[in-house]
Each structure stands twice: as C-alpha cells, then as structure tokens.
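Now for the letters of each chain:
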Amino acid sequence: MVDYLHESAASIYRRRRRRRAEASLAFVIMLLIVTIVYSGSYVQGWIGAADAKSVTSASCSKDTAPPPLTPRDVRVNVYNGTGHPGLAAAVAAALDKQGFNIGIVDNDPLHRNIPGVAEIRSGDSGQDGANLVAQRLSRVVFVLDYRMDASVDVVLGKRYKVLKAPPKPAHAKEKKAVPPC
C-alpha cells in the first residue's frame, strides 16, 4: 500500500520557505500601504500638528506690531548696470543722504542687461528693506535670490533718471485705548 501522508523533508522545507516568503512579502506590502496612507493624510492635513491657537487676544499683547523699518536699518549695495560711469556712486551718495546704510558700490557683478529703471535683488529676510528702497525708485523689478542676510542690491538700469524724495511719515492722530486683559 502507498503511504499518501508521507512527504519528503525537502518538499516540507520548500513549502515552509515559500510560506515565510509570502508572509514577509505581505507584511512589507501592508507596511508600504500604511505608510502611503499616513503620508497622504498628513499632506492633506487630516492628521498631524493642529494649528496653534493663541491663548490671549491680540489686543492684550504689549507689542502689537514690530517697530517700523527705517532707512538706517537697510544695507543697500548699489550696482551700475549701464555704461554710464559714476552712476552707482552718485545714486549711493543720494541714498546715503536719505539715511540708507550703503554697502558695496560697483558695477553689476552678474553683468545683466537691465533695460528698465532698476532691478532690486534681495533674499526673503530683505523683502521689507527692498520695499523701502523701491519707494525711492519708479517701476522697479524685484528679484528674489537665496541670500541669507537682509541686504538689498539696487542695480541701476538704462532708464534710470532720478531718485524720488522719501515719502512723508504717517503720524498717528490718536492712540487707541487698550482694553485690560
């Protein structure tokens, strides 16, 4: 009689190895699916850190706004992007008279052709200073670069004529009463 229940050790070993491989593969696939679902829900904002809510109201804070930026707080590098010699030095002197902190005065280090009035280059931390400098010029082009400091580069173009006068400061007429906290 033939023994139907008898298997060789090699076939048992292959079957168990295949089951372990299938179980490992299933575990890796499940882990991958969970990771994809979690990252998708994090990107969608369904899970993760909730937006921080302020405990005090805005009227209770002592510092409601940062102090306004003054020209002395802005370091300006003036570059000549034209063929007119001495233009950057003349504009740098005029900006210095308006109170700006003048840094480098030279020809444009990028050697770009500036067809307009001027190009103002700054990094993220220099955006406020760039806006303050832009009030002195008309029709400028802003260029955001990857610098880490708050310096501002003014590159004068072919259509530059003259600096504008500084804007008149807006004075607060009345101070609002702050409610008690």
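As shown above, the structure is provided for reference.
Definitions and limits used
- Residues numbered from 1 in each chain as written.
- Predicted model: local features only at pLDDT ≥ 70, side-chain atom pairs only at ≥ 80, totals over all residues.
- Heavy atoms only, no water.
- Helix = DSSP H or I, 4+ residues; strand = E, 2+ residues; numbered from the N terminus.
- Buried < 20%, exposed > 50% of the residue type's maximum accessible area, 1.4 Å probe, protein only.
- Contact = heavy atoms within 4.5 Å.
- Pairing = 2+ DSSP bridges.
- Axes fitted to C-alpha atoms, helices over the stretch in contact; angles between N-to-C directions.
- Patch = residues over 30% accessible without salt bridge, like charges linked within 9 Å, V, L, I, M, F, W, Y side chains within 5 Å.
- Areas by Shrake-Rupley, 256 points an atom, 1.4 Å probe, with all protein chains shown as cover.
- Salt bridge = Lys/Arg side-chain N within 4 Å of Asp/Glu carboxyl O.
- Lys, Arg positive; Asp, Glu negative; His and termini not counted.
- Charge placed at Lys NZ, Arg CZ, Asp CG, Glu CD.

A few points about the overall build of the chain
The helix and strand inventory of the chain stands at 3 helices and 5 strands. Traced from its N-terminal end to its C-terminal end, the chain shows the element sequence α-β-α-β-β-α-β-β. Evaluated residue by residue, the chain yields a buried proportion of 25% over its 181 residues. The long-range share in the chain, meaning contacts at least 24 apart out of those at least 6 apart in sequence, stands at 68%.

So, the sheet that holds strand β3 (residues 118–122)
Spatially, the 5 strands line up as an open sheet ordered β2-β1-β5-β3-β4, and their pairing is mixed. For this open sheet the edge positions go to β2 (101–107) and β4 (140–144), each flanked by a neighbour on one side alone. In this sheet, adjacent strand axes meet at a mean angle of 20 degrees when their direction is disregarded. Relative to β2, strand β1 (residues 75–80) runs parallel, the two sharing 5 bridges. Note that in β2 the partner of Val78 across the bridge is Val105. Each of β1, β2 and β5 (152–156) touches helix α2 (residues 87–97); the most contacted strand, β1, lies at about 155 degrees to it.

Let's talk about the environment of Val78
Topologically, Val78 is positioned in strand β1. Remark: the alpha-carbon pair of Val78 and Ala90, spanning 12 residues in sequence, is separated by 9.7 Å. Sequence-distant contacts of Val78, that is, excluding residues within four places in its chain, are made with Ala88, Val91, Ala92, Leu95, Ile104, Val105, Asp106, Val154 and Leu156.

Quick notes on a positive patch on the surface
On the surface, Arg14, Arg16, Arg17, Arg18, Arg19 and Arg20 cluster together to form a positively charged patch. Inspection of the secondary structure puts Arg18 in helix α1 (residues 9–44).

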